[in-house]
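Breakdown of the fold
Residue strings, one per chain:
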Amino acid sequence: GINAEYGKQWYQRRVRHCERDYHAEFAPRCSYCDEPIIDKCITALQKTWHPEHFVCVHCKIPFTLTGTEYHVYEGRPYCKRDYHEMFAPKCSGCTKTIANNVITALKQQWHVECFVCYECKNRFGAGTYYEHDGKPYCEMHYHQHRGSLCAACNKPISGRVITAMRNKFHPEHFVCAFCITPLSKGTFKEHESKPYCHTCYQKLFGLGSRA
């Protein structure tokens, strides 16, 4: 903080010291210029400074001139802007510095508002996200990239799965395209990329047709 004006204590010792010599011997020294501090004095980082010499080590602007707080890195003072620009973590979403709340995920750091599904940009409900190729995804887009969405309902498959006709299905959704009978036993006939039970296939397309 800024101390009160350095007093005229030299008058108390005027018999032995002139003003110049008194300041040279007893006044606090500025950490920047090593000159005596005669008027206002700033105490910071366990040192004393002339107000005009207590500056950001990067931009050299005095903190008393801007009225801003300072931040310390390796024992040196920086203004808020330079400190965040040079040392604050960078958001993996927008690449800008993170000054306040931070989310750490996937060995990276993010603004709260930037930690979203890489595909749809929606925030994650209840903090649940899925990782694919080092990127965060919501459940649906994770399964989409993994090829594990049900071809019938377009929803994720997290349990048992039926793979047929180059697609994946929930067991209850893999049904005959005509009578809607479940085909979970795995025996079916295909026609124009649709599955049919044997009975419906024979009725619709004849006994001689081939899958």
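Scroll up a little and you will see the structure.
What comes next concerns the included structure.

For L45, which is not a glycine, the phi torsion comes out positive at approximately 55 degrees. Inspection of the secondary structure assignment puts L45 in the loop between β1 (42-44) and β2 (47-49). We classify L45 as partly exposed; its relative accessible area is 24%.

This part is about the nonpolar core. With 13 residues, the main nonpolar core has A164, M165, F169, F174, C176, L183 and C197 as its most contacted residues. Elements with a minimum of two residues in this core: β9 (162-164) and α5 (198-205).

Once that is clear, we can look at the pairing of strand β4 (residues 76-79). Of the pairings in the sheet, the one linking strand β3 (residues 70-73) to β4 comprises four bridges and is antiparallel in character. Residue pairing in the sheet places V72 in a bridge with P77 of β4. Once β3 ends, the chain turns through two residues before running back antiparallel as β4, passing E74 with a positive phi of about 50 degrees.

The next thing to look at is helix α4 (residues 139-146). Here α4 has its buried residues at H141, Y142 and H143. Summarising the contacts, the buried residues of α4 are in contact with β7 (130-132) and β8 (135-137). Of the residues flanking the end of α4, it is G147, one or two places downstream, whose phi is positive at about 70 degrees.

Throughout the structure, instances matching the rule amount to 17 aromatic pairs. Arranged with centres 4.9 Å apart and planes meeting at 50 degrees, the rings of F54 and F63 form a pair that is tilted. An identical accessibility class is assigned to F54 and F63; each is buried. Centroid distance F63 to Y70: 5.6 Å. Interplanar angle 50 degrees. Geometry classified as tilted. For F63, a relative accessible area of 6% corresponds to the buried category.

Structurally, the position occupied by Y32 is in the loop between α1 (19-26) and β1. Sequence spacing of Y32 and H50 is 18 residues, and the spatial spacing of their C-alpha atoms is 8.0 Å. Excluding residues that lie within four positions of it along the chain, Y32 makes contacts with W49 and H53.

What follows concerns the pattern of salt bridges. Across all of its chains, the model carries two salt bridges by this definition. Residue D82 pairs with R81 through a salt bridge whose shortest N-O separation is 3.6 Å. Exposure remark for D82: the relative accessible area of 6% places this residue in the buried category. Salt-bridge contacts for R166 lead to E190; the nearest nitrogen and oxygen are separated by 3.6 Å.

On the secondary structure map, Y130 appears in strand β7. Taking the C-alpha atoms as reference points, Y130 and Y142, 12 residues apart in sequence, are found 6.2 Å from one another.

Moving on, we come to the side chain of H143. By secondary structure assignment, the location of H143 is in helix α4. Residues within four places of H143 in sequence aside, it is in contact with S148, L149, P156 and I157.

Moving on: the state of the cysteines. Scanning all chains against the criterion turns up zero disulfides. C179 carries a free sulfur, and the closest cysteine sulfur to it, the one in C200, is 3.6 Å from it. Cysteine C200 shares no disulfide, and the gap to the nearest cysteine sulfur, in C197, comes to 3.5 Å.

Thresholds, definitions, all that
- Residues numbered from 1 in each chain as written.
- Predicted model: local features only at pLDDT ≥ 70, side-chain atom pairs only at ≥ 80, totals over all residues.
- Heavy atoms only, no water.
- Helix = DSSP H or I, 4+ residues; strand = E, 2+ residues; numbered from the N terminus.
- Buried < 20%, exposed > 50% of the residue type's maximum accessible area, 1.4 Å probe, protein only.
- Core = buried A, V, L, I, M, F, W, Y, C linked by side-chain atoms within 4.5 Å.
- Pairing = 2+ DSSP bridges.
- Contact = heavy atoms within 4.5 Å.
- Phe/Tyr/Trp six-rings, centres within 6.5 Å; stacked < 30°, edge-to-face > 60°.
- Salt bridge = Lys/Arg side-chain N within 4 Å of Asp/Glu carboxyl O.
- Disulfide = S-S within 2.5 Å.

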